[in-house]
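Listed below are the residues making up each chain.
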Amino acid sequence: MHRPSLVQKAKAALPATDLTDEQWSLLSHLLPVGRGNRVRRSVDAIFAKARTGVSWPKLREEYGSTSTASKYFNEWVAQGIWAELDLTLAGVERVPVPDLDLLPPMRIEGRVDPRVMLSADEPFRTGS
């Protein structure tokens, strides 16, 4: 099954900053309680990742366990909760999702060595 990326799921725009207490109060009832601020930090980490394209490990210091954030995101998308969160935050100031060029342009080439080609009547080869 193809899972949409974070950027694909948040296609139009994202909250411009981490959520304020007021914004968090609008959607906290949709999410699990969690220990401490873990769930809230996870939501902020997900939005920060989508806004910046920064790798999860680089977000860990500011937002805590990014593996938890990633796990939550996948669960919430599958359960339809992420779409609800997005609708709940419709009035929040947003910024467009940046176009991220995560890979430099590249050219992939390949060559076939005819000495290792098999014919139809030779389905496998053992030894040299």
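Residues numbered from 1 in each chain as written. Predicted model: local features only at pLDDT ≥ 70, side-chain atom pairs only at ≥ 80, totals over all residues. Heavy atoms only, no water.

### So, the overall build of the chain
Consideration 1: Looking only at helices and strands, the chain has 6 helices and 2 strands in total.
Consideration 2: The helix and strand sequence of the chain, counted from the amino end, reads α-β-α-α-α-α-α-β.
Consideration 3: Among the 128 residues that make up the chain, the fraction classed as buried is 29%.
Consideration 4: Pairs at least 24 residues apart make up 65% of the contacts formed inside the chain by residues separated by at least 6 positions. (Helix = DSSP H or I, 4+ residues; strand = E, 2+ residues; numbered from the N terminus. Buried < 20%, exposed > 50% of the residue type's maximum accessible area, 1.4 Å probe, protein only. Contact = heavy atoms within 4.5 Å.)

### Here's the deal with the pattern of salt bridges
Consideration 1: Scanning the model with the defined rule gives 5 salt bridges in all.
Consideration 2: Across the pair D21 and R40 runs a salt bridge, and its minimum N-O distance is 2.8 Å. Of this pair, D21 sits in helix 2 (residues 21-27) while R40 sits in helix 3 (residues 38-52); the two residues are 19 residues apart in sequence, bridging distant segments of the chain.
Consideration 3: Residue E75 is joined to K71 by a salt bridge in which the shortest nitrogen-to-oxygen separation is 3.4 Å. With E75 and K71 both in helix 5 (residues 66-79), this residue pair falls 4 residues apart, about one helical turn.
Consideration 4: The exposure class of E75 is partly exposed, given its relative accessible area of 32%.
Consideration 5: Judged by relative accessible area, K71 falls into the partly exposed class, the value being 42%. (Salt bridge = Lys/Arg side-chain N within 4 Å of Asp/Glu carboxyl O.)

### As for the nonpolar core
Consideration 1: Ranked by internal contacts, the top residues of the largest apolar core, which has 24 residues, are W24, L27, L31, V43, W76, W82 and L85.
Consideration 2: Every element with two or more residues in this core is listed here: helix 2, helix 3, helix 4 (56-63), helix 5 and helix 6 (81-88).
Consideration 3: Ignoring sequence-local partners within four residues, the contact set of W24 consists of L19, L31, V39, R40 and V43. (Core = buried A, V, L, I, M, F, W, Y, C linked by side-chain atoms within 4.5 Å.)

### Some points on the environment of L85
Consideration 1: Position of L85 relative to the elements: it lies in helix 6.
Consideration 2: In this structure L85 comes out as buried when scored by relative accessible area, which is 1%.
Consideration 3: Contact partners of L85, with chain neighbours within four places excluded, come to L27, L30, L31 and W76.

### Describing the packing of aromatic side chains
Consideration 1: By the definition in use, this model includes 4 aromatic pairs.
Consideration 2: Where Y72 meets W76, the ring centres are 4.9 Å apart and the plane angle is 5°; that geometry is what we call stacked. Of this pair, Y72 and W76 both sit in helix 5, 4 residues apart, which is roughly one turn of the helix. Both residues of the pair, Y72 and W76, count as buried.
Consideration 3: Plain terms: the ring middles of F73 and W82 are 5.2 Å apart, the flat faces sit at 80° to each other, and that makes the pair edge-to-face.
Consideration 4: Here W82 falls in the buried class, since its relative accessible area comes to 5%.
Consideration 5: Among the aromatic residues, those joined into a cluster by ring pairs are F47, Y72, F73, W76 and W82. (Phe/Tyr/Trp six-rings, centres within 6.5 Å; stacked < 30°, edge-to-face > 60°.)

### A look at the confidence of the model for the chain
Consideration 1: In the predicted model, the chain carries a mean pLDDT of 80, and 81% of its residues have values of at least 70.
Consideration 2: Mean pLDDT values for the elements of the chain range from 45 in helix 1 (residues 6-9) up to 91 in helix 2.
Consideration 3: Within the model, the stretch residues 1-10 combines pLDDT values under 50 with 13 contacts to residues more than four positions away or in other chains. (pLDDT = per-residue confidence, 0-100.)

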